[in-house]
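# Topology and contacts: notes
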Amino acid sequence: MIELYVDGASAGNPGKSGIGVYIKGEGHQIRISEPIEPTDNHTAEFQALLRGLEEAAQLTTGMVAAKSDSQIVVQAVEKEFVKNGKHQAYLARILEITKGFDYFFIKWIPDEQNKAADALARQALRKDGKGMN
């Protein structure tokens, strides 16, 4: 099983933004810290999950357990619906990728259980966008 921890960060609304992805399991331990286009925090959270799922899909078609401290993202994926129009395309792509796994679930976790992804997202805020990981 692949465990996927994701977090988005934004310094402003919108503002400088970054994503953090931490993947572990099946012999993998991957850390991704990437600056993204300036956006709001919710959009950064959707982008983090999408980026994490793209990476996970390269590793397995088996079981993926995604974990996020964003209730909006977790509820959108569980309900397969999001009100905000700018998040609909992200959700559609996320759902498309999850269909490629034998088993997929997403769970909301409190901030203190998402420290690795949070640190990676915050690290991405400090990057200039030129030296992406």
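Report on the accompanying structure. (Residues numbered from 1 in each chain as written. Predicted model: local features only at pLDDT ≥ 70, side-chain atom pairs only at ≥ 80, totals over all residues. Heavy atoms only, no water.)

We now examine the packing of helix α1 (residues 41-59) against helix α2 (residues 71-79). The contact between α1 and α2 brings their axes to 9 Å, and the two run at 55 degrees. The angle between α1 and α2 falls in the class oblique. Remark: the crossing between α1 and α2 carries right-handed chirality. Two secondary-structure elements touch here, α1 through His42, Glu45, Phe46 and Leu49 and α2 through Ile72, Val73, Ala76 and Val77. (Axes fitted to C-alpha atoms, helices over the stretch in contact; angles between N-to-C directions. Helix = DSSP H or I, 4+ residues; strand = E, 2+ residues; numbered from the N terminus. Parallel < 35°, antiparallel > 145°, perpendicular 65-115°, else oblique. Left-handed = near helix turned anticlockwise from the far one by under 90°. Contact = heavy atoms within 4.5 Å.)

With that out of the way, let us pick up the sheet that holds strand β3 (residues 28-39). Reading across the sheet, the five strands line up as β3-β2-β1-β4-β5 and stay open at both edges, with mixed pairing between neighbours. A single partner strand is all that each edge strand has here, and the edge strands are β3 and β5 (103-108). Averaged over neighbouring strand pairs, the angle between their axes works out to 20 degrees when direction is ignored. Contacts from α2 reach β4 (63-68) and β5, with the element oriented near 145 degrees to β5. Here helix α4 (residues 115-125) sits on the sheet in contact with β1 (2-12), β2 (15-25) and β3, set at roughly 145 degrees to β2. (Pairing = 2+ DSSP bridges.)

Moving on, we come to the nonpolar core. Grouped together as the largest cluster of nonpolar side chains are 29 residues, with contacts concentrated most on Leu4, Leu49, Leu53, Val64, Val77 and Phe104. Here the element with the most residues in this core is α1; it accounts for seven residues. Apart from the residues within four sequence positions on either side, Leu49 is in contact with Leu4, Val6, Ala66, Val73, Val77, Ile94 and Ile106. In terms of nonpolar packing, the next biggest core, distinct from the first, is built from five residues, Tyr5, Tyr22, Ile109 and Ala117 among them. (Core = buried A, V, L, I, M, F, W, Y, C linked by side-chain atoms within 4.5 Å. Buried < 20%, exposed > 50% of the residue type's maximum accessible area, 1.4 Å probe, protein only.)

Its place among the elements puts Ser70 in the loop between β4 and α2. Excluding its chain neighbours within four sequence positions, the residues that come into contact with Ser70 are Glu45 and Trp108.

The next subject is the pattern of salt bridges. Counted by the stated rule, this structure contains six salt bridges. A salt bridge links Lys67 to Glu3; the nearest nitrogen and oxygen atoms lie 2.8 Å apart. Of this pair, Lys67 sits in strand β4 while Glu3 sits in strand β1, and the two are 64 residues apart along the sequence. A residue is classified by how much of its surface remains accessible, and Lys67, at 15% relative accessible area, is buried. One salt bridge connects Arg51 with Glu55, and the closest N-O pair in it is separated by 2.9 Å. (Salt bridge = Lys/Arg side-chain N within 4 Å of Asp/Glu carboxyl O.)

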